[in-house]
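As a plain string of letters, each chain reads:
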Amino acid sequence: MGLIAMFGIENSGLALAVNLLLLFLVVIWLALVYWTYSDARRRIADPMLVACATAASLFPFIGTVVYRIVRPPEYLDDVRERELEMAAAQARLAQLEHQHCQYCGFETEKSFLRCPSCLRRLKEPCTVCGKPLDPRWKICPYCEAEVGQAAEGRRPRPRRASAAGAVPARQAGPRPSPSARQGGPPDATVERPARAGRDRPQSAG
């Protein structure tokens, strides 16, 4: 009551309100000090800087406001996670650009079907487009052909037996003369050798 009486407050109800307000401000100040300390630990890796930020927050409200202005924008966990993601992305990119043979460790490329060092087969080619296929693929991503049925789709269709046999039969028969194809009388030159053979006299003896 002595501190309240210094400000000329003699009413007990008003003094109680002022005391509650001061208690509320003290609680808020202590909460800000703790928040500054916990937030600085998650954002700053140097323990000395964490101690400095906590000491600055002991100045009521002003120290916490200054810390909030100059604090690092990211948490340490977020920074580590981003660095791990960047390292993983660089590793994947390097793996795509430069691969190694699983048998001899020689540096190969993604499009190699055989290792140029040990001559081992690395991938199987697509039977339609010839692109290298991964053993886990069920369809070729380049030509959309199924891996198991790609070779069957390229086989030529066999000719029909009737069409193949009709051509020799047509060529084996006698070829009609031009006069017979036109519907005229048969050519006399065809029968001339036969008549000459019948009219020839038989030799004696």
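Everything numeric in this text was worked out from a predicted model, so none of it was measured.

Engineer: Outline a nonpolar patch on the surface, listing residues and values.
Structural biologist: A cluster of nonpolar side chains, namely L21, L22, F24, L25, I28 and F61, defines an oily patch on the protein surface of about 520 Å² accessible area. With respect to the helices and strands, the residue L22 is situated in helix α2 (residues 12–43).

Engineer: Summarise helix α3 (residues 47–56); cite the residues concerned and give the values.
Structural biologist: Owing to its 3.6 residues per turn, the α-helix brings residues three or four apart onto one side. Restricting attention to buried positions, one finds in α3 the residues V50, A53 and T54. For α3, the buried positions fall inside an angular range of 100 degrees around the axis, keeping them on one side. Buried-residue contacts for α3 involve α2 and α4 (62–70). Where α3 begins, the capping side chain belongs to D46, and its oxygen is found 3.3 Å from the backbone nitrogen of M48.

Engineer: Summarise the packing of α2 against α4; cite the residues concerned and give the values.
Structural biologist: Think of two packed helices as two axes; the pair is described by the angle between the axes and how far apart they sit. Two elements in contact, α2 and α4, have axes separated by 10 Å at closest approach and are oriented at 20 degrees. When the interaxial angle is binned, α2 and α4 end up roughly parallel. Relative to α4, α2 is oriented so that their crossing is left-handed. Listed contacts from α4 to L32, W35, T36, D39, A40 and R43 of α2 are T64, Y67 and R68. Here the contact of α2 with α4 is composed, by residue class, of four nonpolar, two polar and three charged.

The rules behind each value
- Residues numbered from 1 in each chain as written.
- Predicted model: local features only at pLDDT ≥ 70, side-chain atom pairs only at ≥ 80, totals over all residues.
- Heavy atoms only, no water.
- Patch = residues over 30% accessible without salt bridge, like charges linked within 9 Å, V, L, I, M, F, W, Y side chains within 5 Å.
- Areas by Shrake-Rupley, 256 points an atom, 1.4 Å probe, with all protein chains shown as cover.
- Salt bridge = Lys/Arg side-chain N within 4 Å of Asp/Glu carboxyl O.
- Helix = DSSP H or I, 4+ residues; strand = E, 2+ residues; numbered from the N terminus.
- Buried < 20%, exposed > 50% of the residue type's maximum accessible area, 1.4 Å probe, protein only.
- Arc of directions from axis to C-beta.
- Contact = heavy atoms within 4.5 Å.
- Polar contact = N/O pair within 3.5 Å; in protein donor to acceptor, adjacent residues only side chain to side chain.
- Axes fitted to C-alpha atoms, helices over the stretch in contact; angles between N-to-C directions.
- Parallel < 35°, antiparallel > 145°, perpendicular 65-115°, else oblique.
- Left-handed = near helix turned anticlockwise from the far one by under 90°.
- Nonpolar A, V, L, I, M, F, W, Y, C, P; charged D, E, K, R; others polar.

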